[in-house]
Amino acid sequence: YVLERDSESRSGGEMQMVAISRALLGSPGLVLMDEPSQGLAPKIVQDVMRTVLRLKSEGVGVLLVEQNARVALELVDRETRAQAGSEGGRPPTPVLMARATILNQRGTTLWNIGRLETAIESYAESLVIYRAIGMSRHEARALNNMGIVFASLGEYEEALAHYKSALKIDQA
């Protein structure tokens, strides 16, 4: 079903499933998975995690980067956790800053083409990163963007809550 459709008409979750499938086609010895549950329905997340367990049982190494700690911790032999904020007084990594900025811009693009629910997801992901690395101005901007999308959906109370949160950050 998914393979018969053009890539432009696939949802983010469908594209994620295709990417995972492509990675497994070559019988790899090591699989690097960055946020494999992102954009997937809970049922599909369970399927992906079962695949990770199967790979592990077959001796395939899996390096998993996942924000859904509850799911990830059920699978791993060893863990390393990223701490919120800067570590040891160092500024946040450029990679995290760039990822959050890209997610925020992606949210705006999705909003512009009418994919409002997906835009909210993208803004929410950028918000998590901005909070974790202590970039309050950008955090406020992501909250404001989410408010705009909720207002577009007619969810005015939710929009107002996001605007108020952004205002608190700006005034601090």
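Structure's up top.
Attention here is on the structure that accompanies the text. What you see is a predicted model, and the numbers here were worked out from it, not measured in a lab.

**Looking at the pattern of salt bridges**
Consideration 1: The final tally for this structure, using the stated rule, is 5 salt bridges.
Consideration 2: We note a salt bridge from Asp47 to Arg50, for which the minimum N-O separation is 2.3 Å. One end of the pair is Asp47 and the other is Arg50, both in helix H2 (residues 42–57) and 3 residues apart, which spans about a single turn.
Consideration 3: When its relative accessible area of 26% is taken as the criterion, Asp47 is described as partly exposed.
Consideration 4: Between Arg54 and Glu58 there is a salt bridge, with its nearest N and O atoms 3.6 Å apart.
Consideration 5: Classification of Glu58 as exposed rests on a relative accessible area of 52%.
Consideration 6: Three or more residues are tied together by salt bridges with common partners; here these are Lys43, Asp47 and Arg50.

**Structural notes on the packing of helix H4 (residues 94–112) against helix H6 (residues 136–152)**
Consideration 1: Direction vectors running N to C along H4 and H6 enclose 15°, while the axes themselves pass 11 Å from each other. Classified by the angle between their axes, H4 and H6 sit roughly parallel to one another. Where H4 crosses over H6, the two elements pack in a sense that is left-handed. Residues Asn104, Thr108 and Trp111 of H4 form the contact with H6, whose own contacting residues are Arg141, Ala142, Asn145, Ile148, Val149 and Ser152.

**Regarding the pairing of strand E1 (residues 30–34)**
Consideration 1: By the alternation rule, side chains of E1 split into Val31 and Met33, which are all buried, and Leu30, Leu32 and Asp34, of which none is buried.
Consideration 2: Of the pairings in the sheet, the one linking E1 to strand E2 (residues 61–65) comprises 5 bridges and is parallel in character. Across the sheet, residue Val31 finds its bridge partner in E2, namely Val62.
Consideration 3: Taking the sense of rotation as the criterion, the β-α-β connection linking E1, H2 and E2 turns out right-handed.

Calculation notes
- Residues numbered from 1 in each chain as written.
- Predicted model: local features only at pLDDT ≥ 70, side-chain atom pairs only at ≥ 80, totals over all residues.
- Heavy atoms only, no water.
- Salt bridge = Lys/Arg side-chain N within 4 Å of Asp/Glu carboxyl O.
- Helix = DSSP H or I, 4+ residues; strand = E, 2+ residues; numbered from the N terminus.
- Buried < 20%, exposed > 50% of the residue type's maximum accessible area, 1.4 Å probe, protein only.
- Axes fitted to C-alpha atoms, helices over the stretch in contact; angles between N-to-C directions.
- Parallel < 35°, antiparallel > 145°, perpendicular 65-115°, else oblique.
- Left-handed = near helix turned anticlockwise from the far one by under 90°.
- Contact = heavy atoms within 4.5 Å.
- Pairing = 2+ DSSP bridges.
- Right-handed = clockwise from strand over helix to strand, strands pointing away.

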